[in-house]
Amino acid sequence: MNIFEALRESHDRQRSYAKTLIETSGDTPERVEAYKQLKAELQAHETAEERHFYIPLMELDDGVDLSRHAIAEHHEMDEMMEELDETEMSSPAWLAIAKKLSDKVHHHLKEEEQKFFQMAGKLLNEKQKEQLAGQYEKEFNAQLT
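This structure is a prediction, so every number in the text was calculated from the model and none was measured.

Q: So, the overall build of the protein: which residues are in play, and what are the values?
A: Looking only at helices and strands, the protein has five helices and zero strands in total. Ordering the α and β elements of the protein from the N terminus gives α-α-α-α-α. Over its C-alpha trace the protein gives a radius of gyration of 16 Å, about what one expects of a compact globule, namely 15 Å for 145 residues. If one aligns the C-alpha atoms of the protein with their principal axes, the spans along those axes are about 50 × 25 × 20 Å. When burial is assessed residue by residue, the protein has 43% of its 145 residues classed as buried. Counting contacts in the protein only where the partners sit at least 6 residues apart, residues at least 24 apart contribute 76% of the total.

Q: I'd like a rundown of the packing of aromatic side chains, residues and numbers included.
A: For the coordinates displayed, the defined rule picks out seven aromatic pairs. Geometrically, the ring pair formed by Phe53 and Phe117 is edge-to-face, given 5.9 Å between the ring centres and 80 degrees between the ring planes. One end of the pair, Phe53, is in helix α2 (residues 29-58); the other, Phe117, is in helix α4 (residues 92-123), with 64 residues separating them in the sequence. Considered together, Phe53 and Phe117 belong to a single accessibility category, that of buried residues. Consider the rings of Tyr54 and Phe116, whose centres lie 6.4 Å apart with planes at 90 degrees: the pair is edge-to-face. With Tyr54 in helix α2 and Phe116 in helix α4, this pair connects stretches of sequence that are 62 residues apart. Each member of the pair, Tyr54 as well as Phe116, is classed as buried. In this structure an aromatic cluster arises from ring pairing among Phe4, Phe53, Tyr54, Phe116 and Phe117.

Basis of the calculations
- Residues numbered from 1 in each chain as written.
- Predicted model: local features only at pLDDT ≥ 70, side-chain atom pairs only at ≥ 80, totals over all residues.
- Heavy atoms only, no water.
- Helix = DSSP H or I, 4+ residues; strand = E, 2+ residues; numbered from the N terminus.
- Rg over C-alpha atoms; globule rule 2.2 N^0.38 Å.
- Buried < 20%, exposed > 50% of the residue type's maximum accessible area, 1.4 Å probe, protein only.
- Contact = heavy atoms within 4.5 Å.
- Phe/Tyr/Trp six-rings, centres within 6.5 Å; stacked < 30°, edge-to-face > 60°.

Structure follows, in structure tokens:
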């Protein structure tokens, strides 16, 4: 498995959790669980991805800008999750923020898969791609526990 395949597995889960989240309503167990799943997945993914994909890319001149952009988007998603944590789940404002987060997640994943992965694929060799996948998976699993 290479780093792109490893990241796509989490991306698929993020899309699913984000979709489920915005289909929920009120302060229900379904909404609580959907948010818990999405938040855990995003946080573990962001940390592992930054450490084992974007930081190594930042060491290369052509990887700096795309890494900075992606990390900035991670920060935006973190801020939205903080807003959600501080807002009543039964409030219409909560769903509005959740939809904004879902849109940002989908935008970010599409941009990574259609733009960043192609650029990174040219900067990393096959051995690096496989090594980064192993490091990412280990970090991701450690973050979830």
